[in-house]
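Reading the structure
Each chain is listed here by its residues.
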2 protein chains.
Amino acid sequence: MNPAGGLPRGGTGRAGRPTLAVVGATGVVGTVLLGLLSERADVWGEIRLVASERSAGRKLTVRGEQVEVLALAEDVFDGADVALFAVPGEVAAHWAPAAVSRGAVAVDGSAAFRMDPDVPLVVPEVNARAARVRPRGIVAGPCCTTLTMIVALGALHAEWCLEELSVASYQAVSASGRCGVDTLREQLAAVAGTEAGTQPGDLRRTVGDTGPYPAPIALNVVPFAGSFAGDGWTTEELAVRGESRKVLGLPRLRVSATCVRVPVVTTHSAAVRARFENEVTAEKAHEILAGAPGVVVCDDPAAGEFPTPADAVGTDPAWVGRIRRSLDDPQGLEFFVCGDNLRKGAALNTVQIGELIAAELREGRPRLP
Amino acid sequence: MNPAGGLPRGGTGRAGRPTLAVVGATGVVGTVLLGLLSERADVWGEIRLVASERSAGRKLTVRGEQVEVLALAEDVFDGADVALFAVPGEVAAHWAPAAVSRGAVAVDGSAAFRMDPDVPLVVPEVNARAARVRPRGIVAGPCCTTLTMIVALGALHAEWCLEELSVASYQAVSASGRCGVDTLREQLAAVAGTEAGTQPGDLRRTVGDTGPYPAPIALNVVPFAGSFAGDGWTTEELAVRGESRKVLGLPRLRVSATCVRVPVVTTHSAAVRARFENEVTAEKAHEILAGAPGVVVCDDPAAGEFPTPADAVGTDPAWVGRIRRSLDDPQGLEFFVCGDNLRKGAALNTVQIGELIAAELREGRPRLP
Ligand SMILES: NC(=O)c1ccc[n+]([C@@H]2O[C@H](COP(=O)([O-])OP(=O)(O)OC[C@H]3O[C@@H](n4cnc5c(N)ncnc54)[C@H](OP(=O)(O)O)[C@@H]3O)[C@@H](O)[C@H]2O)c1
Ligand SMILES: NC(=O)c1ccc[n+]([C@@H]2O[C@H](COP(=O)([O-])OP(=O)(O)OC[C@H]3O[C@@H](n4cnc5c(N)ncnc54)[C@H](OP(=O)(O)O)[C@@H]3O)[C@@H](O)[C@H]2O)c1
């Protein structure tokens, strides 16, 4: 039996607390991860920072201390209880199992294991218990687009039972890593002070290189995220469908998604229409969401109150507003939600899962059937 | 009987062609309107340009000729056969009936008459015949958000019968007139070269004045367009519902809309999910849309082909791509559509309606029952 799936080995780090490895500590998500580890209640013993050979020897600050970055290798996981992965999918695909084989529980934020039936896909506010059953010793987190809306949806589903979901996203460039942010900033500098965006093709000429995107992203919106998955769909749209089903435990949930990149640096938004098995009211939805952990209701449109990325960026919760019952369907609810794609959309969810594992190790809780 | 609703008086302008008044000729929409009148097959006799007193005496070019702008007054409509209105709603509300009382047919692009049961709401590609029955002598065009998608939807509806519509919009700032464009350009200049958009509230501090919008529009998206209409809805969202029903002749069509402003200068986009009474296929949808007047299909996502505002701006048609059948509903079709909000979304639709009226006058076609 895989030790990571079995009884806890107990913390081996300082003060008896679990040892943590952070793999991808130098990346966009990794940087936010170190910030969160420094801000949050400290449950960890030793924290090891890991990245590629390119970064080995660099010093990064976590919990106010300078820590040297190690190059990724099998032995960085020796004695580690938990390993958080914030690296490209192909790196995680190889190294998460390697961490498990050295005795750590691996928590992965990449796409590598999300749809693996032997890997739980966890959003702690929604399905924390799922993290306890991990046949491969790995726990995955959903993509940032799913994470933007799933905490609010989970709370509403618990009350009314979700049966259909229609989502249009407004996705920020930092979800493409540093090159996404650099591309938007460079294009903004190129268009500022020009008349670009008013004649066919003039924006393409003005911005030149489109970086990781198939079209200009400054002064534009691009209805294509991820890669092409066949039958007209993108991988990102299929991810929203598959992951929502898996996290909510609704394998036949009807889902439509259109994923669109917008010129926002950080914080994804989504226009959501949800249909439930039961009749809904906007008042009750307010009440449910106001009481849901990880959700903030920001909804007084008459007073100009609704969430926008500019206000949600840098914060942990999902900001929900524009809550209203569908005019032509008493079981339909519509809302707009914003969430920081680097925090809850990536680093925060990974850290929260890590903390669940740490608590499990601490409590010596036996593995669930 | 109102003469504008009755038999044609015949053209009174040069070469026996109808006389046209363009009211609001100096505005954002009016400027595009003059361009279209200059480009299109010329059906008009005299063209009079009208705006507020502020602009009286200015000279504008139309059909290659310099024409002096007249201040809006009753007598500018004397002898006019058709008057196109591109002015704020409250100005149209007073002056379109005034034009009718002087014998002109009024075509209005504002919100003033769209939902008036005695005013047809016309999109020539979809319901041209409706323009012939105009008890008040006035014909209205829908708002730019409805116009973005309705031509494509009308073609699909004719084949499969629409029963439900879910729309999320990505609306450009030029729909707010010149002040929307100026606000976005000023905010872009303020954020260029800064790190704004990465910390809570920093964007609000960097951009300062938010102009006509309730939140920053550079590096942001704003889920609020129009004004607050009660029960959680905005006027723009209710307009999309009411106008789609009226244009398609489906008074009980189920519609959900979320209208969101994005930092794009010109060209609205919409992520559309349409459910029909009949089963659909993506192949047949391609065929229908490729043959529909006013629609261009741009849909090969594997090759990076899909519409974006940067490519649709300055062009007449609705650009449709990302066409796919819903994965969980054989009657559901999803697509993404981009259309220039100043052309088909405003000026072009108004001109097209004007041309319908001109043809009716020319043919001396009797009024329909
Ligand atoms: N950005 C988001 O909003 C978001 C949301 C959800 C999930 N994710 C996922 O999170 C992961 C990280 O994304 P990111 O945006 O932070 O990317 P990033 O900025 O490009 O950072 C990548 C990190 O992975 C490390 N790395 C790359 N190749 C490596 C290798 N061969 N061996 C060891 N380390 C390697 C890099 O180290 P060096 O600095 O040494 O190269 C860096 O620390 C990705 O799987 C992404 O899909 C991102
Ligand atoms: N922009 C769009 O995408 C869009 C789409 C669909 C519909 N519309 C509608 O089209 C109309 C015009 O919009 P716009 O964006 O072109 O606005 P705009 O740029 O502000 O132009 C307004 C026009 O109306 C004239 N005007 C204003 N008050 C007047 C008055 N009291 N008497 C006579 N003329 C007056 C102005 O003349 P001066 O220059 O002399 O002030 C100007 O020509 C609005 O009803 C708008 O809702 C716009």
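Residues numbered from 1 in each chain as written. Chains lettered and ligands numbered in written order. Predicted model: local features only at pLDDT ≥ 70, side-chain atom pairs only at ≥ 80, totals over all residues. Heavy atoms only, no water.

So, on to the overall build of chain A. Scanning chain A for helices and strands turns up 10 helices and 15 strands. A burial count over chain A gives 61% of its 369 residues as buried. Partitioning the intrachain contacts of chain A with sequence separation of at least 6 by distance along the chain shows that 69% fall at a separation of at least 24. For chain A, the accessible area works out to roughly 12,900 Å², and carbon and sulfur atoms hold 51% of it. On chain A, the mean spot of the 36 positive side-chain charges and the mean spot of the 43 negative ones are 4 Å from each other. (Helix = DSSP H or I, 4+ residues; strand = E, 2+ residues; numbered from the N terminus. Buried < 20%, exposed > 50% of the residue type's maximum accessible area, 1.4 Å probe, protein only. Contact = heavy atoms within 4.5 Å. Areas by Shrake-Rupley, 256 points an atom, 1.4 Å probe, with all protein chains shown as cover. Lys, Arg positive; Asp, Glu negative; His and termini not counted. Charge placed at Lys NZ, Arg CZ, Asp CG, Glu CD.)

Residue and element names in this part refer to chain A. On average, residues of chain A score 94 in pLDDT, and 95% of them reach the 70 mark or higher. Every residue in residues 1-13 scores below 50 in pLDDT, and together they form 32 contacts with partners more than four places removed in sequence or on other chains. The complex model carries a pTM of 0.94, and its ipTM stands at 0.93. (pLDDT = per-residue confidence, 0-100.)

By the secondary structure assignment, Thr350 of chain B is in helix α10 (residues 343-363). Once residues lying within four places of it in the same chain are set aside, the contact partners of Thr350 of chain B are Leu84, Val107 and Gly109 of chain B.

All names here are of chain B. Counting buried positions over the 9 residues of strand β12 (residues 268-276) gives 8, a clear majority of the element. As defined by bridge partners, strand β8 (residues 162-170) adjoins β12 across 8 bridges and the pair is classed as antiparallel. Within β12, the residue paired with Val167 across the bridge is Val272. The pairing of β12 with strand β15 (residues 332-339) spans 8 bridges and is antiparallel. Across the sheet, Ser269 pairs through a bridge with Cys338, a residue of β15. (Pairing = 2+ DSSP bridges.)

Which parts of space are left empty comes out when a probe the size of a water molecule is rolled across the atoms. Considering all chains together, one arrives at 8 cavities of 30 Å³ or more under this definition. Counted as a void, the largest cavity has a volume near 160 Å³. Contributions of two or more residues to the lining of the largest cavity are made by β8 (162-170), β11 (254-258) and β12 (268-276) of chain A together with β8, β11 (254-258) and β12 of chain B. Each residue belonging to the lining of the largest cavity can be placed in one class, and the counts come to 10 nonpolar, 6 polar and 4 charged. (1 Å grid on protein atoms, 1.4 Å probe; cavity = no way out; pocket = protein on both sides within 12 Å on 5 of 7 lines; lining within 4 Å. Points joined across faces, edges and corners; volume = space filled by probe spheres on them. Nonpolar A, V, L, I, M, F, W, Y, C, P; charged D, E, K, R; others polar.)

Further remarks concern the UniProt feature "transmembrane region" (unreviewed entry) in chain A. UniProt records the feature "transmembrane region" (unreviewed entry) for residues 20-38 of chain A in the present numbering. The straight-line gap between the two end C-alpha atoms of residues 20-38 of chain A is 13 Å; of that span, 58% is helix and 21% is strand. (UniProt positions renumbered as here; feature names shortened; annotations may be inferred.)

Further remarks concern the interface of chain B and chain A. How large an interface is tends to be reported as the accessible area lost when its parts come together. Facing the 71 residues of chain B at the interface are 71 residues of chain A. Of the roughly 5,700 Å² buried where chain B meets chain A, counting both sides, 60% is carbon and sulfur surface. In this assembly, chain B and chain A are joined by 12 salt bridges. For the salt bridge of Asp311 of chain B with Arg204 of chain A, the shortest nitrogen-to-oxygen distance reads 2.9 Å. Inspection of the chain B/chain A interface yields 36 residue pairs in polar contact (both at pLDDT 80 or more). Taken together, the residues of the side of chain B that touches chain A break down into 37 nonpolar, 18 polar and 16 charged. (Buried area = accessible area lost by both parts, 1.4 Å probe. Salt bridge = Lys/Arg side-chain N within 4 Å of Asp/Glu carboxyl O. Polar contact = N/O pair within 3.5 Å; in protein donor to acceptor, adjacent residues only side chain to side chain.)

Take the sheet that holds strand β1 (residues 20-23) of chain B next. The pairing of strands in a sheet happens through backbone hydrogen bonds and is either parallel or antiparallel. Residue and element names in this part refer to chain B. Read from one edge to the other, the open sheet built from 7 strands follows the order β3-β4-β2-β1-β5-β6-β7, with strand pairing classed as mixed. Each edge of the sheet is formed by a strand with only one pairing partner; in this case those strands are β3 (59-62) and β7 (138-140). With strand direction ignored, the average angle separating the axes of adjacent strands in the sheet is 30°. Strand direction decides the pairing type here: strand β6 (residues 105-108) and β7, joined by 3 bridges, are parallel. Bridging from a neighbouring strand, Ala106 pairs with Ile138 of β7. (Axes fitted to C-alpha atoms, helices over the stretch in contact; angles between N-to-C directions.)

The subject of this paragraph is the relation of the copies chain B and chain A. Rotating chain B by 180° about the axis while translating it 0.0 Å along that axis superimposes it on chain A, leaving an RMSD of 0.0 Å. Accordingly, the operation relating the two chain copies is best matched by a two-fold axis. Comparing interface residues between copies, 100% of those in chain B also lie at the interface in chain A; the contact surface is shared. (Least-squares fit on C-alpha atoms with pLDDT ≥ 70 in both.)

All names here are of chain A. Lining the immediate environment of ligand 1, one finds 27 residues, of which Thr26, Val29, Ser52, Ser55 and Val87 sit closest. Within the backbone of Val29, an N or O atom sits 2.8 Å from an oxygen atom of ligand 1. Contacts to ligand 1 include Ser55, whose side-chain N or O atom sits 2.4 Å from an oxygen atom. When isolated, ligand 1 has an accessible area of 900 Å², and the protein chains bury 77% of it. At the level of elements, α1 (28-39), α2 (89-101) and α10 (343-363) are the ones that each hand at least two residues to the shell around ligand 1. Residue composition of the shell around ligand 1, grouped by class: 13 nonpolar, 12 polar and 2 charged. (Near = heavy atom within 4 Å.)

Residues and elements named next belong to chain A. Examined against the element boundaries, Ile288 turns out to sit in helix α8 (residues 282-290). Residue Ile288 is classed as buried on the basis of its relative accessible area, which comes to 14%. Sequence separation between Ile288 and Glu159 is 129 residues, and the spatial gap between their C-alpha atoms is 8.0 Å. Sequence-distant contacts of Ile288, that is, excluding residues within four places in its chain, are made with Ala155, Leu156, Glu159 and Trp160.

Residue and element names in this part refer to chain B. Thr26, Val29, Ser52, Ser55 and Val87 are the nearest of the 27 residues found near ligand 2. A distance of 2.9 Å separates an oxygen atom of ligand 2 from a polar backbone atom of Val28. Between ligand 2 and Asn341 there is a distance of 3.1 Å, counted from an oxygen atom to a side-chain nitrogen or oxygen. In the complex, the protein chains occlude 78% of the 900 Å² of accessible area that ligand 2 would expose alone. Put simply, the parts of the chain that give the shell around ligand 2 at least two residues each are α1 (28-39), α2 (89-101) and α10. Here the residues of the shell around ligand 2 sort into 13 nonpolar, 12 polar and 2 charged.

The next thing to look at is the packing of aromatic side chains. In total, this model carries 9 aromatic pairs over all chains according to the counting rule given. With a centroid separation of 5.4 Å and 5° between ring planes, the pair formed by Phe224 of chain A and Phe306 of chain B is classed as stacked. Pair noted here: Phe224 of chain A is in the loop between α6 (202-207) and β9 (228-230) and Phe306 of chain B is in the loop between β13 (295-297) and α9 (309-312), and the two residues belong to different chains. There is no split in this pair, since Phe224 of chain A and Phe306 of chain B are both buried. An angle of 65° between the planes, with centres 5.6 Å apart, marks the rings of Trp160 of chain B and Phe276 of chain B as edge-to-face. Taken together, the residues Trp160 of chain B in helix α4 (residues 144-160) and Phe276 of chain B in strand β12 connect sequence positions 116 residues apart. An identical accessibility class is assigned to Trp160 of chain B and Phe276 of chain B; each is buried. Among the aromatic residues, those joined into a cluster by ring pairs are Tyr170 and Phe336 of chain A together with Tyr170 and Phe336 of chain B. The positively charged end of Arg324 of chain A is found above the aromatic ring belonging to Trp233 of chain B, 4.4 Å away from the centroid. (Phe/Tyr/Trp six-rings, centres within 6.5 Å; stacked < 30°, edge-to-face > 60°. Lys NZ or Arg CZ within 6 Å of the ring centre and 35° of its normal.)

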